[in-house]
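# Remarks on the overall topology
Here are the chains, one letter per residue:
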2 protein chains.
Amino acid sequence: MKEYSIIGKPTRNVDGVAKVTGEAVYAFDMTLPNMLYGKLLRSPHPHAKIISIDTSEAEKLSGVKAIITGKDTPGGKWGLWRRFPELCDQTALAMDKVRFIGEPVAAVAAVTEEIAHEALDLIAVEYEPLPAVFEPMEAIKDDAPLVHDDFENNINTTRHIEWGNVDEAFKNADYVREDRFSLSSQHHAPMEVHNALASYDKGSKRLTVWASTQSPYFLQLGLADALKMREGDIRVIKPHVGGGYGGKNSTMPDSVNAALLSMKTGRPVKIVFNREEEFTTTEHRTAMDIAIKIGLKKDGTLVAKEVKLITDGGAYTGLGATTLYLAGTFVTFPYKTPNYRYDGVRTYTNKMWSSSMRGFGSVPAVYAAEIQLDRAANDLGIDPLEIRRINAMTPGYSASGEYTVESCGILECIDKMGKRVKEKWNDLGEDEGIGFASFAYMSGGIFNWIDTPYAFSGAMVKVNIDGTVELFTQASDIGQGHNTVSVMICAEELGIGMEDIRLHPADTATTLADLGAWGSRETLMNGNAVRAAAAEIKKMLVAVARMKLGENIVYDLVAKNKRIYLELRPERGFSYYELVKDAIKQNDGEPLIGIGHYTPHNKGMISPAYGMGIQAVRAKVDRETGLIEMKDVLVVHDCGQPINPPAVRGQVEGSTQMGLGYGLCENMPTDNGLILNPSFVDYKLIRSRDMPTIELMEVPTYEPEGPFGAKEAAEATTSPGAPALANAVYHAVGAEFDSNVLKPEKVLNAIRAKEQKGKA
Amino acid sequence: MKEYSIIGKPTRNVDGVAKVTGEAVYAFDMTLPNMLYGKLLRSPHPHAKIISIDTSEAEKLSGVKAIITGKDTPGGKWGLWRRFPELCDQTALAMDKVRFIGEPVAAVAAVTEEIAHEALDLIAVEYEPLPAVFEPMEAIKDDAPLVHDDFENNINTTRHIEWGNVDEAFKNADYVREDRFSLSSQHHAPMEVHNALASYDKGSKRLTVWASTQSPYFLQLGLADALKMREGDIRVIKPHVGGGYGGKNSTMPDSVNAALLSMKTGRPVKIVFNREEEFTTTEHRTAMDIAIKIGLKKDGTLVAKEVKLITDGGAYTGLGATTLYLAGTFVTFPYKTPNYRYDGVRTYTNKMWSSSMRGFGSVPAVYAAEIQLDRAANDLGIDPLEIRRINAMTPGYSASGEYTVESCGILECIDKMGKRVKEKWNDLGEDEGIGFASFAYMSGGIFNWIDTPYAFSGAMVKVNIDGTVELFTQASDIGQGHNTVSVMICAEELGIGMEDIRLHPADTATTLADLGAWGSRETLMNGNAVRAAAAEIKKMLVAVARMKLGENIVYDLVAKNKRIYLELRPERGFSYYELVKDAIKQNDGEPLIGIGHYTPHNKGMISPAYGMGIQAVRAKVDRETGLIEMKDVLVVHDCGQPINPPAVRGQVEGSTQMGLGYGLCENMPTDNGLILNPSFVDYKLIRSRDMPTIELMEVPTYEPEGPFGAKEAAEATTSPGAPALANAVYHAVGAEFDSNVLKPEKVLNAIRAKEQKGKA
């Protein structure tokens, strides 16, 4: 590996001090002079016609400044799949009917939050309840009630993927098996709830919104569509964000209604969801049923795979349609799959809609694939690591042109895992098992459903006379540490110190567009843009240095340690600060400005690069209680060149916790569309004291498409926890599961079923 | 004149609605979470040694978070004349001695303003009073106490200007006269007092300051010198500003001590001066004594001028040294002066220091010159307008290479004035008189005392996919309307609407350096930078349009009405919005970015262009009471191409009011260095109900160096009010004055002197 000055070195977060001292400002913390508080009145019905809304009593309440209902909105519909207008189905407030419990029907702005709340109680809404549908398999029936009139059989979208000759391959396979899995939902549960502060200036007719968002750009577009305004007349600023995990990609009623109320009142309006609203009326992971069939040769070589799945979409689209695409892709990873067929269906139901969540699409898909592969290995008498080894992708592997995997360390990861497990876990006790699951995920998506005409990421660097750098990027740090990564990349490229750089992030007006923080895209995509912008500056400085040196043009110059010098004769060079002064003088007194952008090219339609690895969970099962004790987790991880190792580690820990939670205890049960556990008391997360230790081993590769060899890091590790846990339980006590969330009663039932099967 | 779409059309201020609704945020309005309030303890002595400062009692007060004295500061000295380090004489807090009443000796930060105030009373300072000096003529005596030990005879700076052969010319003159004038001080009296909010981030070791300043860049440099930090580690943001008038160019103890207290506490700290502090401890117009001698031919032609002046500098330098330079220059304007000699001396005294104020340097100089010229005309029996006519500069006039006046409408102004006066004022009554005074001022200064390596003005334009424009400039709107002028210039150049442009002003981190709002520099200098940045964009769009048209390259394209089209065949062209989309596509998805800058070249060392004109005041004097009744004011004004006529008019009105106030009632009397009238009760301003009507006539010229022909507007009209008023009083009742501020007793004395002179 190349030796870098900053990249790959453990580095403190640039905003770390501000965060631990409480100085860091989140949208949640913000106020503006004269600000009003907004609240949303929400439907108690899963499906109902709105007969009338009477706001007259509420309007009389002192301190209420504005009340709006659907008819007071411009009626703009929006969604993230802007290339497909029919899938842009969200509205600010319900227009004619409500489609889920919690759908907003009116919004109030008042001088205090309490008054706004009181006003909600005074709004009288007359509903005519309609028959509702809650389950995907029910929803697609011909006689099911329609959530949206224009969508027959409640089918929101479908996706078909196919390569090779699947039927032929299955015919020739030595071993074929089919499994069915039912995967539940999961909530993002971020520390910071959804909230937005909107300020409309009646003079310039422009709107500024500060919001807890993963993508200021997506929010700008969503607001433009919702409000029927020009996107350029809307400025979105992302302050610090207290967690997103995929739940803050969509434009939600908080920001849209805050904007509408600000436009009506001429005052800034802030809407903050409470925790119950956060659980019940923001997006969550897509629940789905998966039928998965594989064909293998006797030696374990995978020859064919066929997957059918149906997802519980809920009432609107969000990014839900993308689930089909990603599940259908990552159910094949990280294995060579010569023949593949996939059909996915997303249904509308009368529930809060599902959308993106960390490991989006891959988490349920990997669950199904990795449990099934384990079962096949068992049937064929092949070691679980060996079957993964046999089928592992190798560098440059291309799935029939659908995607190409350039850097690819999965084989090394599996080998390293094998070695480490032997070394570390040679003391398995009774009712203990080890479960493995491989994982892989993208470094940002190439599919451009949002239909941006911009480069996917842009960055600008301005260098002041004293060498200090202003770095402008719209990339979104949502807690994952990307602000630090941006500064590291810029500093490395220019050969300067982190302290020389001031970052100006995530403001749609002052920075070049970036699609936001989702699908692990920022490090590779925005990192490339930042590096390109810095490289423009470096070029200017190298030109000055070359001129001053008078050296033949064949000699290379490097920028390092705040100097630019001849690579072969490091003593011949100049201080970076001196060269900046010269360059600005040469530039007629203009500060140096470098601009860079990145859009993937010739990389197919999925992603430019893939991070991957393998996880192992060691678990012990209590046959009496059904309780699972997770003892240790091993993660072997190829994220290309890790930019900031402690940040990668932190993300692996968080993803692993979330993945294990998905496997063990997190779900969102509903009753007639009502989410039953909308609080941190009832929604069960694995707490830090219940977490197993995590041992992380990096297998660095060099991703040629990434900045300094970097690619996706850690998001993929959300996937393996649940299947590895299930596999561990299987190896411990033989219990098999066709769904996630291994609560004690389910484990006991599975043990019992296994015992009875043994007896039979 | 060229017909423009936007330039020259009456245009509403872009921030007008925000200002009238109270939405506009001034530094004064700002708060930050966790903010502390700072207060300064000030010296009661005009000159004293500091023996000791005991802060122990104050530190015990609950709610006090930090107290600093001189020894706790880094001791950095600063000033605006950075090219001359010995003139950088300001410090955050007095180090060893105090030099004026009100000099800060300690600063307190507390959780409320009241506690901070209470803490001041608990700080015990032991002083050893020193002999003090208050008058310039005393200060230069050999035995005068020294304000600064290193400055002999208390001489802060001197300036000599000379061209032609003055002695020879005086010898050959038909008529020579010498007059002496004593001009008093004047306060800026802005609506918004000095205040600053500083926030230091201990993590990044960077400082952000929001301040009521005329030049974020000057403040950034001042803070860097004061705090011994890199300028790039300091970010200065100028919110809306409630008036500057030259009083907010210097870095003052509010911002520096707010910064120091924030660095000490790790919390944001705000310091707001109260009105008394504003009057007594912020800068004011430089008082001076002027000896002026002219030689003329019988026909009134000016052949020689000699000026000597001495100014009351006060305890520190500020921009005071520049007064000498500008007074020495503008005392010759707008007249051809073939032989000229000037000597100016600035003295240190034990008072709050004087610095720049609207019409900086020119106001007292024009006072002396215009009264003297009137007297000469009277002696020679020449009409006051005629003597001005005879000597008026003509386009292209160069004062022996010292300065060159390109556009020059003074002759037309005098002619128009003559016509209008005859027409309007043919009904002069008893004890009524008409006084004239010409005026001229610069369009920004070329002299670069601040020693910036940057272009004087820079601007950046970013064009989004929907054609909306983000315009970045560091230019400072301080109430004069420059934000609107920036947007108008950008819109005109691109042929788009004002509503297409969002302005991002006055932030040292996000914009290209600009020297700030002083000397009427923004319209010409920043306007040129904005226009250049917009022109870069236009060039890109024209290139796309040309390519699409396939037309021969000799045909010109124009950008107008949101289209770019062939000048000769307007129907052949494209929508601006369409071309932007094409250009961004062509640009690989990068928004369009244009950068422009301006630095004067080949324009000498004073200014690239000069606004000018003539003013007439009609006044009636009550011989019994000495009260002056100002009836009407006529202003004929050449500001090149007025960009926004109502803004020009507004500025002319404000300047005229200030000029008349200087002539009639505004001054700052002191007693042993104590300013005696530090409140709006005692400081006499002309209120709106006492203001005469002002008739403004524009004589538009085209200034080739200015954007769309524009140059200085209205600042020059601060000068003529006082001398025109004095001349009017002379013509009404024959009373002569050798100083400004025509209070009734002074008028009565002058009338009596005149009568006795008549009798003698």
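Residues numbered from 1 in each chain as written. Chains lettered and ligands numbered in written order. Predicted model: local features only at pLDDT ≥ 70, side-chain atom pairs only at ≥ 80, totals over all residues.

What follows covers the overall build of chain A. Helix and strand counts for chain A stand at 18 helices and 32 strands. Over its C-alpha atoms chain A spans a radius of gyration of 27 Å, differing by no more than 12% from the 27 Å that the globule rule assigns to 760 residues. Considered along the principal axes of its C-alpha atoms, chain A spans approximately 85 × 75 × 45 Å. Residues counted as buried form 62% of the 760 residues belonging to chain A. Long-range pairs, those at least 24 residues apart, make up 81% of the contacts in chain A between residues at least 6 apart in sequence. (Helix = DSSP H or I, 4+ residues; strand = E, 2+ residues; numbered from the N terminus. Rg over C-alpha atoms; globule rule 2.2 N^0.38 Å. Buried ≥ 20, exposed ≤ 12 C-beta atoms within 10 Å, placed from the backbone. Contact = placed C-beta atoms within 7 Å.)

Chain A puts 46 residues into the contact, and the matching count from chain B is 46 residues. Those elements that provide at least two residues to the side of chain A that touches chain B are α1 (16-21), β23 (501-505), α15 (576-586) and β27 (592-598) of chain A. Examining the composition of the side of chain A that touches chain B, we find that 4 residues originate from one element, α1(A), more than from any other. Considering only residue class, the side of chain A that touches chain B consists of 14 nonpolar, 14 polar and 18 charged. (Nonpolar A, V, L, I, M, F, W, Y, C, P; charged D, E, K, R; others polar.)

Glancing now at the environment of A:Ile694. All names here are of chain A. Here Ile694 shows up in strand β32 (residues 693-698). Here Ile694 falls in the partly exposed class, since 17 other C-beta atoms lie within 10 Å of it. In this structure the C-alpha to C-alpha distance between Ile694 and Gly75, which are 619 residues apart in sequence, comes to 49 Å. Setting aside residues up to four positions removed in sequence, Ile694 forms contacts with Val633, Val635, Val652, Glu653 and Thr656.

What follows covers the confidence of the model for chain A. Averaged over all residues, the pLDDT of chain A equals 97, while 100% of them reach at least 70. Both confidence scores are given for the complex: pTM 0.96, ipTM 0.95. (pLDDT = per-residue confidence, 0-100.)

Glancing now at the domain arrangement of chain A. Residue and element names in this part refer to chain A. Here chain A is described as being made up of domain 1 (16-23 + 456-598), domain 2 (31-130 + 190-244 + 248-281) and domain 3 (284-447 + 604-759). Placing a centre on the C-alpha atoms of domain 2 and another on those of domain 3 gives a separation of 36 Å. Contact residues are listed per partner, giving 20 residues for domain 2 and 20 residues for domain 3. The residue makeup of the side of domain 2 that touches domain 3, split by class, is 7 nonpolar, 8 polar and 5 charged. (Domains from an automatic or database assignment.)

Superposing chain A onto chain B takes a rotation of 180 degrees plus a shift of 0.0 Å along the axis, which leaves an RMSD of 0.0 Å. Interpreted geometrically, this transformation is the action of a two-fold axis. Rotation axis and chain A: the residue whose C-alpha lies nearest the axis is A:Thr510, separated from it by 4.0 Å. When the interface residues of chain A are mapped onto chain B, 100% of them are again interface residues, pointing to one common binding face. (Least-squares fit on C-alpha atoms with pLDDT ≥ 70 in both.)

This part is about helix α7 (residues 253-265) of chain B. Residues and elements named next belong to chain B. Taking 1.5 Å as the rise per residue, α7 with 13 residues should run 18 Å; its terminal C-alpha atoms sit 18 Å apart, in good agreement. With 11 of its 13 residues buried, α7 lies for the most part within the structure. Inspection of α7 places Pro253, Asp254, Ser255, Val256, Asn257, Ala258, Ala259, Leu260, Leu261, Ser262 and Met263 among the buried residues, and these make up the whole buried set. Trailing α7 by a residue or two, Gly266 shows a phi angle of about 70 degrees, which is positive. (Expected span 1.5 Å × (residues − 1).)

Our focus in this paragraph is the sheet that holds strand β28 (residues 610-621) of chain A. Residue and element names in this part refer to chain A. Ordered by their spatial adjacency, 4 strands build an open sheet running β20-β28-β29-β32, and the pairing between neighbours is mixed. Looking at strand neighbours, the two that pair on one side only are β20 (432-442) and β32, the edges of this open sheet. Shown here is a sheet whose adjacent strand axes are inclined to one another by a mean of 15 degrees, direction ignored. Helix-sheet contacts for helix α12 (residues 410-424) involve β20, β28, β29 (628-638) and β32, and the interaxial angle to β29 is about 140 degrees. (Pairing = 2+ DSSP bridges. Axes fitted to C-alpha atoms, helices over the stretch in contact; angles between N-to-C directions.)

This part takes up the pairing of strand β1 (residues 36-42) of chain A. Residue and element names in this part refer to chain A. Burial within β1 is extensive, with 7 of its 7 residues counted as buried. Here β1 shows a buried face lined by Leu36, Gly38, Leu40 and Arg42 and a second buried face lined by Tyr37, Lys39 and Leu41. As paired strands, β1 and strand β12 (residues 269-272) are joined by 3 bridges and run parallel to one another. Paired with Leu36 across the bridge in β12 is Val269. Where β1 lies against strand β5 (residues 104-110), 6 bridges are found, and the strand directions are antiparallel. Among the inter-strand pairings, Arg42 is bridged to a residue of β5, identified as Pro104.

It is worth spelling out the nonpolar core at this point. Counting residues in hydrophobic clusters, the biggest one holds 476 residues, and the most contacted among them are A:Val209, A:Leu725, A:Val729, B:Val209, B:Leu725 and B:Val729. Excluding anything up to four places from it in sequence, A:Val209 contacts A:Ala196, A:Leu197, A:Ala198, A:Leu219, A:Leu223, A:Ile234, A:Val236, A:Ser255 and A:Ala259. (Core = buried A, V, L, I, M, F, W, Y, C linked by C-beta atoms within 7 Å.)

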